[in-house]
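# Inside the fold
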Amino acid sequence: MTSAGRFAPSPSGELHVGNLRTAVLAWLFAKSTARTFLLRVEDLDRSRSGAEAEQLRDLEAIGVRWAAAVVRQTERTALYDDAIARLTAEGRTYECFCTRREIQEAPSAPHAPQGAYPGTCRRLSHGEREIRRASRPASIRLRSDVAEWAVEDQLNGKFVGMVDDFVLRRNDGVTAYNLAVVVDDAEQGIDQVVRGDDLLPSTPRQAYLATLLGAPVPEYAHVPLVVNHDGVRLAKRDGAVTLGELAAVGIPAERVRNLILESLGLPAGPLEDALPFFDPERLPREPWVWKTPTD
């Protein structure tokens with residue numbers, strides 16, 4: 001099977017500098033370890049018309065290239081359904097009829113964070129499920145056997161996170177991210193996952209689910225985000241942060257690429273030229289504060 005890394009954006013809008021920096025890092029990690037680099041569009045939930053084409057254009061503009069056809073999650077429903085069917089056959093799922101408000105207001109287990117699922121529907125009888133089905137469609141949750149799980153991250157070391165009975169399929173029929181990402185990575189041969197460190201807390205759930213599905217757990221590297229001057233994760237409200245916006249004020253894609261490389265302690269120029277100098281151990285561990293160039 002292919003040994004690969006990947007970048008997997010959601011097509012909700014144009015990529016900003018923080019997204020592009022993560023894409024560059026994912027490419028560098030993959031190429032420096034002789035892995036294939038793949039691109040996956042995670043379009044199950046958040047999709048804006050034309051956004052995918054914009055994102056692919058911007059990635060190519062800064063020199064990020066991928067080795068195979070783009071994979072889209074909306075084309076892979078059968079794989080997700082099969083995984084849920086397998087877990088269900090093993091008694092590892094159950095129907096849940098709770099609303100978000102009910103979950104937020106329910107008493108939590110000791111030491112569980114706010115919003116962790118308290119197991120309200122875990123032990124419903126057949127009759128109770130029948131009654132609830134008549135008034136509300138069910139989501140499908142994992143019947144977890146653990147309360148926490150540990151992962152090893154190349155940049156953050158050992159991380160232990162909560163594992164609750166998380167959703168596998170929402171009550172509107174859409175596959176949940178935590179299931180889709182595990183199935184996709186396993187099917188594509190992704191054994192290296194490089195992404196923003198805001199996703200580290202959800203990683204133990206995904207690693208645990210991978211073990212239940214008999215899939216290998218990837219190597220993880222959660223990289224620091226790009227933030228604004230207030231230390232808040234970069235967003236559209238922070239001014240010129242996309243390639244299109246930056247081009248409009250006279251800053252071409254090549255300069256944005258060079259700024260990203262310089263923020264990583266790498267020489268400016270094509271990504272291939274920076275590759276020999278890339279060493280994960282020397283990467284900055286703090287967020288990069290973005291300041292739009294003025295000249």
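Here the structure is shown first, and the text comes after it.
Attention here is on the structure that accompanies the text.

Rules behind the numbers
Residues numbered from 1 in each chain as written. Predicted model: local features only at pLDDT ≥ 70, side-chain atom pairs only at ≥ 80, totals over all residues. Heavy atoms only, no water. Helix = DSSP H or I, 4+ residues; strand = E, 2+ residues; numbered from the N terminus. Rg over C-alpha atoms; globule rule 2.2 N^0.38 Å. Buried < 20%, exposed > 50% of the residue type's maximum accessible area, 1.4 Å probe, protein only. Contact = heavy atoms within 4.5 Å. Pairing = 2+ DSSP bridges. Axes fitted to C-alpha atoms, helices over the stretch in contact; angles between N-to-C directions. Core = buried A, V, L, I, M, F, W, Y, C linked by side-chain atoms within 4.5 Å. Expected span 1.5 Å × (residues − 1). Arc of directions from axis to C-beta.

This next bit is on the overall build of the protein chain. When its secondary structure is counted, the protein chain shows ten helices and twelve strands. Its C-alpha radius of gyration of 21 Å places the protein chain within 12% of the 19 Å reference for a compact globule of 295 residues. Expressed as lengths along the three principal axes of its C-alpha atoms, the size of the protein chain is roughly 70 × 40 × 35 Å. Put simply, the protein chain has 295 residues, and 50% of those count as buried. Taking the intrachain contacts of the protein chain between residues at least 6 apart in sequence as the baseline, contacts between residues at least 24 apart amount to 76%.

Two strands in a sheet stick together by hydrogen bonds in their backbones, pointing the same way (parallel) or opposite ways (antiparallel). Taken together, the three strands give an open sheet; going across it, the order is 4-5-8, and neighbouring strands pair in antiparallel fashion. Two strands close off the open sheet at either side, each with one partner strand: strand 4 (93-96) and strand 8 (167-169). On average, each strand axis in the sheet is tilted by 45° relative to the strand beside it, whichever way the strands run. Pairing geometry for strand 4 and strand 5 (residues 139-142), over four bridges, is antiparallel. Its bridge partner being in strand 5, threonine 93 is matched across the sheet by leucine 142. Across the sheet, helix 3 (residues 77-89) touches strand 4, strand 5 and strand 8, and the angle it forms with strand 8 is around 125°.

Ranked by internal contacts, the top residues of the largest apolar core, which has 45 residues, are Val24, Leu59 and Trp290. Contributing elements (two or more residues each) for this core: helix 1 (17-32), strand 2 (36-41), helix 2 (51-61), strand 10 (219-223), helix 8 (243-248), helix 9 (253-263) and helix 10 (271-274). If one sorts the elements of this core by residue count, helix 1 sits on top with ten residues. For valine 24, the residues in contact, after removing those within four places along its chain, are Ile62, Val64, Ile260, Leu261, Leu264 and Leu271. Counting 20 residues, the second largest nonpolar core, distinct from the first, contains Tyr80, Leu168, Val181 and Val183.

Under the 1.5 Å per step criterion, the end-to-end length of helix 3 is 18 Å for 13 residues, consistent within 8% with the ideal 18 Å. Along helix 3, the residues classified as buried are Tyr80, Ala83, Ile84 and Leu87. Across the axial projection of helix 3, the buried residues extend over an arc of 95°, all falling on one side. Looking at helix 3, the residues exposed on the side facing more than 90 degrees away from the buried face are Ala78 and Ala89. Lining the buried residues of helix 3 we find strand 4, strand 5, strand 8, helix 6 (177-188) and helix 7 (203-212). One or two positions beyond helix 3, positive phi appears at glycine 91, with a value near 75°.

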